[in-house]
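# Descriptive structure summary
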Amino acid sequence: MTTTEQVHRAVDGLTIPGLLRRNAQDFPDQPALTSGIDPDAGTLTWSQLRTEVAALTTGFTALGVRRGDRVLISMSKRPEHWVVDLAAIHIGALPCTTYDTLSTEQIRFVAQHSKATVLVLEGEEQLRRWRPVLGELPHLRTVVTVDPDITPDPSFVDYADLRGEPPHPDAAFEKLVDQADPDSPLTVVYTSGTTGDPKGVVLTHRNVIHESLMQDHLVHVPEHPRSVAYLPLAHIAERVLGIYMPICNAGHVTLCEDQAQLLPTLASVRPHGFFGVPRVWEKLAAGLRAKLAALPADQAGAIEQAREIALEVFRLRSAGEAVPAELAQRYEQVDEAALRPIRAAIGLEDCHRAFSGAAPIPTSALEFLASIGLAVYEVWGLSETTGAATVSTPEVFALGAVGRPGPGMEVRVAEDGELLVRGPVVFAGYLQEDGAIDPATDAEGWLPTGDIGALDERGIVRITDRKKEIIITAGGKNIAPTKVESLLRAHPLVGQAVAIGDERRYVTALLVLDEDAAPGWAKSHGVDTTDLRELAAHPEVRSALEEAVARANQALARVEQVKTFRVLAGPWSAESGELTPKLSLRRKVIAERYADTVEGMYR
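Residues numbered from 1 in each chain as written. Predicted model: local features only at pLDDT ≥ 70, side-chain atom pairs only at ≥ 80, totals over all residues. Heavy atoms only, no water.

With respect to the helices, strands and loops of the structure, R129 is situated in helix 6 (residues 124–134). Once the C-alpha coordinates of R129 and S103 are considered, the two residues, 26 residues apart in sequence, prove to be 8.1 Å apart. Engagement of the side chain of R129 in a polar contact is seen with the backbone oxygen of Y99, the distance being 3.1 Å. Reaching out from R129, the side chain makes a polar contact with the backbone oxygen of D100 at a distance of 3.4 Å. (Helix = DSSP H or I, 4+ residues; strand = E, 2+ residues; numbered from the N terminus. Polar contact = N/O pair within 3.5 Å; in protein donor to acceptor, adjacent residues only side chain to side chain.)

Next up, the structure:
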């Protein structure tokens, strides 16, 4: 039986409520969810988690939540977040977590578009962000608040009152479990709106269970695997890894609310699997490099030899070549003696499944991590593919590539080079304002991804470009540069603006003075020159543009905001090469021409 057949057979007929019931019955005392690493951190077993979900399901039903309703969640990573999400799922409502970095305008759009009937807020911070739009949501019936010390409002419902006393799951609750359908909608994940307004991606039970079980079949982990949830639950990766996959394999999730505490959390949990965006892996690698550099010469020499052996093995496997038996044996010896303790320093000595995704990761980082015995494999996908559509595995991978299509998945290259995907993790469609779900696939089930790429002779996918102009930061955040740029160009001094941040830690910008407006602005503001080069360096101009950037940032989510900028004299034109005949930006030309200026903003 092929792996694809095994996964299809394993997934068939399963639903998230059914798997939660299985876990509570078969593994009632196994830990499911732990609230951090403090000595007094609470843990819910699978039996206790299901009881909490049953209690809140009863409360939601009493509120009038019905199948197909949308439930918005604005909450940090805490057990109540999981309980709210799963209670909504049992009713057949669609839970949707919102990013805590959304601007007021973005909050308004998601709330109005989703036509949510219930909003669950954690505390004062979330209430402050949501209050400006609460009066503009005619479909919103109830606001549920989790923290008891939130500012009282007679129209709000307290979570504790809604939950009541947790009963044992009763016949009505079990009936809801039995009514769940594998192909019915499960959740909504809003995209980051990189090419316009955010889109509501509707995923089914089958989507998320297939995604979870195909990972388990490709790279095995121990029974009841340990994991750490540290990414936002609005992110497709964390929804799969932090909620659905642990339900599928009865794993144990430890919550890491503050990413600054990620390293201590990893060291405490010793997870069996870990997913990181490139920036996370780069930071871990940088920390380890610093520790290795501080070792005594004799110890450093032994470790360097061990790392050379590990890297040789990794490169052979990356090239699809066999590892000689003698080399494999030497690797096992040096790994146990010298490399495993290094991985233990970051809590990843027992990590069987280490993945990187959401943006390309430098191969130098991958090779360094491989040299300490931590092989990190790249995956590729979208919210619309429930996360990973392709997966690199220890058996088949290539440095700088994103692996082969997962079991049951297909990838082909369109005539224009765009990658198309088809298979059971492709989403049901986009949520429409009237509640309908609009499929995004063609008649044969193929989904255009917007990425340009190719498949090599081993069937491994390589991403070479993006069909649409999208910035993906080193942290894996998708940002529409045109949105940022249009806000920056609102100031009369700015003729052209270029947002930069692809594979970078943050967004920066190049601002080009408007050759017509800038001299007039200078005269009206008492500046003693109208020369563009002199104006680009003038403190009055700099001050005005700092205010313009600050104003633009107010309308942007935190990850979209411009951290620093440079002013260029210009002008840019089609003749000078920075613009097309239609006056669109030639981003590649600009990146090459102003490479030194750009690099200066990241030093």
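Time to look at the domain arrangement of the protein chain. Taken domain by domain, the protein chain comprises domain 1 (4–265), domain 2 (277–375), domain 3 (385–467) and domain 4 (471–601). Domain 2 and domain 3 are separated by 29 Å when their C-alpha centres are compared. Opposite the 10 residues of domain 2 that make contact, domain 3 presents nine residues. Between domain 2 and domain 3, the buried area comes to about 740 Å², and carbon and sulfur atoms account for 62% of it. On the domain 2 side of the contact with domain 3, R317, S318 and F355 bury the most area, a combined 55% of that side's loss. Seen at the junction of domain 2 and domain 3, the total is zero salt bridges. For the side of domain 2 that touches domain 3, the elements supplying multiple residues, two or more each, are helix 13 (297–318) and helix 15 (363–371). The class makeup of the residues in the side of domain 2 that touches domain 3 is five nonpolar, three polar and two charged. (Domains from an automatic or database assignment. Contact = heavy atoms within 4.5 Å. Buried area = accessible area lost by both parts, 1.4 Å probe. Salt bridge = Lys/Arg side-chain N within 4 Å of Asp/Glu carboxyl O. Nonpolar A, V, L, I, M, F, W, Y, C, P; charged D, E, K, R; others polar.)

It is worth spelling out the pairing of strand 3 (residues 70–74) at this point. When you tally the buried positions in strand 3, you get five out of five residues, the bulk of the element. Here strand 3 shows two buried faces, one formed by R70, L72 and S74 and the other by V71 and I73. Here strand 3 pairs with strand 4 (residues 94–97) via four bridges, running parallel. Looking at the pairing, R70 lines up with L94 of strand 4. Remark: the strand 3/helix 4 (residues 79–91)/strand 4 crossover connection has right-handed handedness. Of the strand pairs in this sheet, strand 3 and strand 5 (residues 118–121) are connected by four bridges, and their pairing is parallel. Bridge assignment links I73 to a residue of strand 5, and that residue is V120. (Buried < 20%, exposed > 50% of the residue type's maximum accessible area, 1.4 Å probe, protein only. Pairing = 2+ DSSP bridges. Right-handed = clockwise from strand over helix to strand, strands pointing away.)

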